[in-house]
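# Remarks on the overall topology
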Amino acid sequence: QRISLVTLGAEDLPKLRAFYQSLEWEEADFSSDTFGVFKTAGVMLTLFPHEELEKDAGVPLAKPTEGYKPVTLAINVEEKDEVDRIIDTIRSKGGTILREPSDAFWGGRTSYFADPEKNLWEVAWNPSSTFDERGAMLTF
């Protein structure tokens, strides 16, 4: 079982890439003008033009709508106060905060935001989660 990368089909690659760059996410050396790859603790995040992703997969993909995408990506953190700090950064860089940081019924802290193309992200702290030395989540 392995997830090596997650690819987001981008309608406006330069704009979406600029958003993640503004968060100071490290971009891989092999990114190019036609796609962007960002390093994370465990999985690489790839930005690829929607129409090119459709060609590569060989199937028609649903056209983006005005609504939010039906997939949630997550940033899980090691300290409770990191949720608030990350959301403050996202807000300052133009991300849309969908749910302000709050304590969750399950004992953690959580918040949701959307990037400029309405991809949903959760930022969460779970007191029982563990991480390796790179920051990759080991237990949930």
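Below you will find a few notes about this structure. (Residues numbered from 1 in each chain as written. Predicted model: local features only at pLDDT ≥ 70, side-chain atom pairs only at ≥ 80, totals over all residues. Heavy atoms only, no water.)

### A few points about the sheet that holds strand β3 (residues 44-49)
Taken together, the three strands give an open sheet; going across it, the order is β1-β3-β2, and neighbouring strands pair in mixed fashion. What marks the edges here is a single partner per strand, and that holds for β1 (5-10) and β2 (36-38). Across the sheet, the mean angle separating the axes of adjacent strands is 20° when strand polarity is ignored. Two elements, β2 and β3, share three bridges in a ladder whose sense is antiparallel. By the bridge assignment, Gly-36 is partnered in β3 with Leu-47. Contacting β1, β2 and β3, helix α1 (residues 13-22) crosses the sheet at an angle of about 160° to β3. Against the sheet, helix α2 (residues 50-57) contacts β1 and β3, and its axis sits at roughly 100° relative to β3. (Pairing = 2+ DSSP bridges. Helix = DSSP H or I, 4+ residues; strand = E, 2+ residues; numbered from the N terminus. Axes fitted to C-alpha atoms, helices over the stretch in contact; angles between N-to-C directions. Contact = heavy atoms within 4.5 Å.)

### Looking at the layout of surface pockets
The calculated volume of the largest pocket comes to roughly 950 Å³. The wall of the largest pocket is formed by 29 residues, among which Thr-40, Ala-41, Ala-74, Ile-75 and Asn-76 lie closest to the centre. Of the residues assigned to the lining of the largest pocket, the class counts are 18 nonpolar, five polar and six charged. Of the pockets and cavities examined, the second largest pocket occupies roughly 410 Å³. Residue lining of the second largest pocket: 21 residues in total, with Gly-9, His-50, Lys-69, Pro-70 and Asn-119 positioned closest to the centre. Elements with a contribution of two residues or more to the lining of the second largest pocket: β1 and α2. If one sorts the elements of the lining of the second largest pocket by residue count, β1 sits on top with four residues. Here the residues of the lining of the second largest pocket sort into 11 nonpolar, six polar and four charged. (1 Å grid on protein atoms, 1.4 Å probe; cavity = no way out; pocket = protein on both sides within 12 Å on 5 of 7 lines; lining within 4 Å. Points joined across faces, edges and corners; volume = space filled by probe spheres on them. Nonpolar A, V, L, I, M, F, W, Y, C, P; charged D, E, K, R; others polar.)

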